[in-house]
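The primary structure of each chain is shown beneath.
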Amino acid sequence: MPLGIDRRLLLNVDWVLLGTALILSLVGVAMVYSAAHTGGSPDLHLKQLVLVGVGLLGLVGAAATDYRRLADRPVLLYVVSVLALAYVVRFGPLIAGTRRWVVIGGFQLQPSEFVKLAAAVVVAKIFAEYRQESLGLRDLLWPGAAVGLLGLLIALEPDLGTAACLVPMLFTVAFLAGLRMRAVVGLVVVMLLASALAWPFLRDYQKTRIYTFLDPSLDPKGAGYQKIQSQIAVGSGGVIGRGYLEGTQGQLGYLPARHTDFIFSVLAEEMGFLGVVAVLGLYLLVLWRMLETARLARDRLGAFLAAGITASLAFQVVYNVAMVAGLVPVKGLPLPLLSYGGSSVLATLMGVGLILSVRMRRFAN
Amino acid sequence: MRLYEDLRPVRTRLAVVQVVVAGLVALLLLQFWNLQVLRARHFQDLAENNRSRVVTIAAPRGALLDRQGQLLVGNRPSFNVVLTPEHAEDLDRVVTRVARTLGTGEAAIRERLARRRVPYEPVVVRSDADIAEVAALEARRLELPEVSIQVVPLRFYPLATAAAHALGRVGEISERQLDSPAFEGLEAGALVGQAGVEAQYNRALMGRDGYRRVIVNSRGLEVTEAQRQPPEDGPAFTLSLDTSLQMATERAFAGRAGSAVVLDPWTGEILAMTSTPAYDPNEFATGIDPTLWTSLANDPETPLMNRVIQGQYAPGSTFKIVMATAALEEGVITPETTFFCPGHLRVYGKVRHCSVPGGHGIVDVRRALAMSCNVFFYHVGMALEIERIAAWAKRMGLGEPTGVDLPHELGGLIPNPEWKLRTQKTAWYPGETVSVAIGQGQVTATPLQMARVAAIIANGGWLVRPHLVHSAGGGGLDFEPPRPIGISEETLAVVKEGMKAVVAGGTGWRARLRHTVVAGKTGTAQVVSREALERSPDDPSIQPHGWFVAFAPADEPRVALAVLVEHGGSSGVAAAVARSILARYFSQERRPAAPPPTAEAVD
């Protein structure tokens, strides 16, 4: 039943999830307008609106696809992902010191955003195939190696933020698949050790970011600048905000990357604590509905797929907002649905589509 | 594929994931509560600090006018190129571009940037830029947003070097001044008076700066103005200077080093004050170029020094006015007392010479003044003794500053035994009194002090306080009124007769005017000993200074003056300078409406 327009499928569409995601996307368009209308490209919000439209098409397409069919060819998905990433790392155009994009017909696409979805499918498939009740660390080897290669390629672009999204995805699915608690604890220890060992291999700018996160006054005009200015923007918003288009930090350009990674600062400045509560509430609702889908899924594959996508999305939202609030070091990670950026919006909405697909098919077949 | 999988353990663990997600979002909300509710005020202040800048609007300094209301010092608009380093993404590149556009060295710009104290304060990288430079920078406005042009009033001295020492100059406030209470509230970079009237009345002339609070974007470009406090202009000051007399005084020196000051003998108002060589205060108005400063400060001719109040010279024979007054008042001589002058006198075992080798024969006090007979005053000095000489010199305003309204005035020196014991730890020799009697030895006086001595004889025995400012912002200034120092009419008459004879047929004949009776006294201040001068008579740097002090018209005095020509050789040059000043003054008085004739055309 290709593109099966089955009435039973339509009955099970999660309209709440779809509607909330759509509202967040439109809030994103409004915030992109506020952040970018005075700058060099004043009509970014229109582009973003078009991208949301394209994203909705992708969402419908993903929802219409049976996730089980998608998961039938994990090797193909994986190989295509690896090849795409390898191509970008090797041949992608150098933009701002990184190779993250491919240019197709005049459009810049970020393969890593879509690889995250492919990885979610592959991981869900691998864990769904395990039949035992509880898993040990050894069972993590295969999926870990598979995801590790993808993460490594993304990190080589370099795009540490996106690569990092794969980690919570893998561990959440592993946890749901029955990873023993002993192994969970062991993993946490290993991760802490690994981050300590990774320190000498970090690039200088990455180390600087961590230093200045710990003490922004070290370099108030440089690496500490973003954190300081973002906190000023957030704090000065107060309870009710400075008003739409009235935030001085954003409008006068003190906030860096304000239409992309720091769009939530603009929102916090202009809409205040009330706006923050509202938007975080919407995100919580989206995540909650996604996890609900995982809970209601008819099979382990659907549950793991929904949980994997949700984990990666939750990580992005939490990390980005924590970064805006000055809680974690600055890392180039967009806020899904709000930040300007075609690949992110498209991939996020497609992810939502996949989750819709899982829920639609909970009674199917 | 099995139709039913056991999903219960998955669901249990999903609940854990849900709790974790909800917990993380709650944590985030806690932080936003902290930032946006608890600390909102703090961050609002920081945001305000970020976006608003206070830009001062310099108040134009008060103008200086002469007694007829003619402009002596004013302001003109000028353009400053300013740069805010914090707003530059690549400061090196900006500096290079600005230097290329302005055609100046990068080092000078970097040096100015390095001197700055306050962050975010724009630094003036070029003051008084010309219109072509301003246009070139405005054309690059978008490429160089961190650079901007400020229009500021600049001090302007239309007379250039004339009266430069009296009017003074402005300059950037120094580190030392910043720390002193007199300059409280001023910030680095402020232009303040650094000499002359500009320094003396600095605070009043400055007015009060205004400010603008402007909203700027992250690149420092002004977006809007939020608040404006207009500046209060400094009030105009009217000085007692008379521009045409001042110019005549300047011309009279014709390139010689020296100084002259002309007073109103009744009030102490200064009508003209010149000190040469001079400097052009316009060159200081923008903050002076260091090489020019060094050359001025190290010039052996000391152009920065105001010789009228800082030049301390031996008064030479002009001191005989004081000696004659003291001797008559103390009763040491009467107007009829005579001495015989053979051309020299042996005192305390040493032969002392008179001004002419053949001597003056029998002289009374009038003739002694007229001919500047030393022998007469050797006798008078020995009779008076040093204490009474010093007391009378002090009474006539010597040995201490006159209190003129100018900074850094020096007081000259009137020596006495107590002073000598204190400073040189030796006793007073009677022979020194003989030197003092003819204004040599340790005695020194400034031209302003000697002009005031002439004024005392002119005005009937009143000590005036010399001053330059007549009124400020429309209101008169109160100076200490003249006070009588207790000289009898008879003494004054005798001294005046002697001084008239100086010009009428004595040593000061070069100062004679056709229509006006001038009373004066010549003097020479030896720079080296008589023997040294005889050894190399042609060395200009060891020639004695020439003095001439005078008042005129002798019987209805309107001006008193002192002229000192450095290394003039004799008093003759000084008398000639004085004559050309007086000629100018009295020709102008007679024909006020006529076009100003030159000094030489009248006589």
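Residues numbered from 1 in each chain as written. Chains lettered and ligands numbered in written order. Predicted model: local features only at pLDDT ≥ 70, side-chain atom pairs only at ≥ 80, totals over all residues.

A. Main features of the overall build of chain B. Helix and strand counts for chain B stand at 21 helices and 23 strands. Relative to its 603 residues, chain B shows a buried fraction of 43%. Partitioning the intrachain contacts of chain B with sequence separation of at least 6 by distance along the chain shows that 71% fall at a separation of at least 24. (Helix = DSSP H or I, 4+ residues; strand = E, 2+ residues; numbered from the N terminus. Buried ≥ 20, exposed ≤ 12 C-beta atoms within 10 Å, placed from the backbone. Contact = placed C-beta atoms within 7 Å.)

B. The confidence of the model for chain B, seen in detail. Residues and elements named next belong to chain B. When the pLDDT values of chain B are averaged, the result is 88; 95% of them are 70 or greater. Of all the helices and strands in chain B, strand β19 (residues 475-476) carries the lowest mean pLDDT, 74, while helix α18 (residues 447-459) carries the highest, 97. Ignoring residues within four places in sequence, the model shows residues 591-603, a span with pLDDT below 50, making 15 contacts including any to other chains. Across the interfaces of the predicted complex, the ipTM metric reaches 0.92, alongside a pTM of 0.66. (pLDDT = per-residue confidence, 0-100.)

C. Inspection of helix α15 (residues 374-395) of chain B at higher detail. Residue and element names in this part refer to chain B. With 22 residues, α15 ought to run about 32 Å at 1.5 Å a step, yet its terminal C-alpha atoms sit only 23 Å apart, falling short of that. The largest bend along α15 reaches roughly 95 degrees and is located at E385. Immediately beyond the C-terminal end of α15, within one or two residues, lies G397, with a positive phi of roughly 90 degrees. (Expected span 1.5 Å × (residues − 1). Bend = angle between axes of the 7 residues up to and from the residue.)

D. Structural context of the nonpolar core. If you look at the biggest cluster of nonpolar residues, it comprises 125 residues, and the most contacted ones within it are V261, A451, A454, A550, L561, V577 and A578 of chain B. Lining this core are residues from two domains, each supplying at least three of them: domain 1 (53-235) and domain 2 (243-294 + 306-601) of chain B. When near neighbours in sequence (up to four residues on either side) are disregarded, A550 of chain B contacts A454, A511, V518, A519, G520, L561 and A578 of chain B. In this structure, L24, M31, A325 and M350 of chain A belong to the second largest nonpolar core, which totals 121 residues. (Core = buried A, V, L, I, M, F, W, Y, C linked by C-beta atoms within 7 Å. Domains from an automatic or database assignment.)

E. Molecular detail of the sheet that holds strand β23 (residues 559-565) of chain B. All names here are of chain B. Taken in spatial order, the 5 strands make up an open sheet running β12-β11-β23-β22-β21, and their pairing is antiparallel. Both outer strands of the open sheet, β12 (270-276) and β21 (519-525), are each paired with one neighbouring strand and no more. Going across the sheet, the axis of each strand differs from the next one's by a mean of 5 degrees, ignoring polarity. Bridge analysis of strand β11 (residues 258-263) against β23 gives 6 bridges, and the strand direction is antiparallel. What sits directly across from S259, in β23, is L564. Across the sheet, α18 touches β11, β22 (545-552) and β23, and the angle it forms with β23 is around 145 degrees. (Pairing = 2+ DSSP bridges. Axes fitted to C-alpha atoms, helices over the stretch in contact; angles between N-to-C directions.)

F. Spotlight on the pairing of strand β14 (residues 344-347) of chain B. Residues and elements named next belong to chain B. Here β14 pairs with strand β15 (residues 350-353) via 4 bridges, running antiparallel. Across the sheet, V347 pairs through a bridge with K350, a residue of β15. What sits between the antiparallel neighbours β14 and β15 is a turn of 2 residues, in which Y348 has the positive phi angle 45 degrees.

G. Local environment of the interface of chain B and chain A. Counting from both sides, the interface comprises 35 residues of chain B and, opposite them, 40 residues of chain A. Secondary structure elements with two or more residues in the side of chain B that touches chain A: α1 (8-38) and α2 (40-51) of chain B. Per-element tally for the side of chain B that touches chain A: the top contributor is α1 of chain B, with 19 residues. Tallied by class, the residues present in the side of chain B that touches chain A amount to 20 nonpolar, 8 polar and 7 charged. (Nonpolar A, V, L, I, M, F, W, Y, C, P; charged D, E, K, R; others polar.)

H. Looking closely at the pairing of β22 of chain B. All names here are of chain B. The element β22 is largely enclosed, with a buried count of 8 among its 8 residues. Neither face of β22 is exposed, since H545, W547, V549 and F551 on one face and G546, F548, A550 and A552 on the opposite face are all buried. Across 7 bridges, β22 lies against β23 in antiparallel orientation. Within the sheet, the bridge partner assigned to A552 lies in β23 and is V559. Between β22 and β23, which pair antiparallel one after the other, the connecting turn spans 6 residues.

I. Examining the sheet that holds strand β9 (residues 222-229) of chain B more closely. Residues and elements named next belong to chain B. Taken in spatial order, the 3 strands line up as β1-β8-β9 in an open sheet, and their pairing is antiparallel. For this open sheet the edge positions go to β1 (52-57) and β9, each flanked by a neighbour on one side alone. Between one strand axis and the next, the sheet turns through 30 degrees on average, direction left out of account. Both strand β8 (residues 210-216) and β9 contribute to a ladder of 6 bridges, which runs antiparallel. Looking at the pairing, V216 lines up with E222 of β9.

J. Representation of unusual backbone geometry. In this model, T276 of chain B is joined to P277 of chain B through a cis peptide bond whose omega is -5 degrees. Take P277 of chain B: it is sitting in the loop between β12 and α11 (290-298). In this chain, A552 of chain B is followed by P553 of chain B through a cis amide linkage whose omega measures -15 degrees. With a phi close to 45 degrees, A257 of chain A is a non-glycine residue in the positive phi region. For A257 of chain A, a count of 17 C-beta atoms within 10 Å gives the class partly exposed.

K. Fine view of the environment of A163 of chain A. Residues and elements named next belong to chain A. Within the fold, A163 resides in helix α8 (residues 160-176). Looking at A163, the number of C-beta atoms within 10 Å reads 22, which means it is buried. A C-alpha to C-alpha distance of 9.6 Å links A163 and V147, two positions 16 residues apart in sequence.

L. Spatial organisation of the packing of helix α6 (residues 111-129) of chain A against helix α7 (residues 141-156) of chain A. Residue and element names in this part refer to chain A. The contact between α6 and α7 brings their axes to 10 Å, and the two run at 175 degrees. What the angle tells us is that α6 and α7 run roughly antiparallel. Taken together, the residues of α7 that come into contact with α6 (itself represented by S112, V115, A119, V122, V123, I126 and F127) are W142, P143, A146, V147, L150 and I154. Here the residues of the contact of α6 with α7 sort into 12 nonpolar, 1 polar and no charged. (Parallel < 35°, antiparallel > 145°, perpendicular 65-115°, else oblique.)

M. Focus on the packing of α6 of chain A against helix α15 (residues 342-360) of chain A. Residue and element names in this part refer to chain A. For the pair α6 and α15, interaxial distance at closest approach is 8 Å and the crossing angle is 15 degrees. The angle between α6 and α15 places the two elements in the roughly parallel class. Like other packed secondary-structure pairs, α6 and α15 cross with a definite hand, here right-handed. The segment α6 lies against α15, with E113, F114, K116 and L117 engaging S343, S344, A347, M350, G351 and L354. (Left-handed = near helix turned anticlockwise from the far one by under 90°.)

N. Examining α18 of chain B more closely. Residues and elements named next belong to chain B. With 13 residues, α18 should reach 18 Å at 1.5 Å per residue; the first-to-last C-alpha distance of 18 Å fits that figure. A large share of α18 lies buried, amounting to 13 of its 13 residues. Positive backbone phi, approximately 85 degrees, marks G460, located one or two places after α18.

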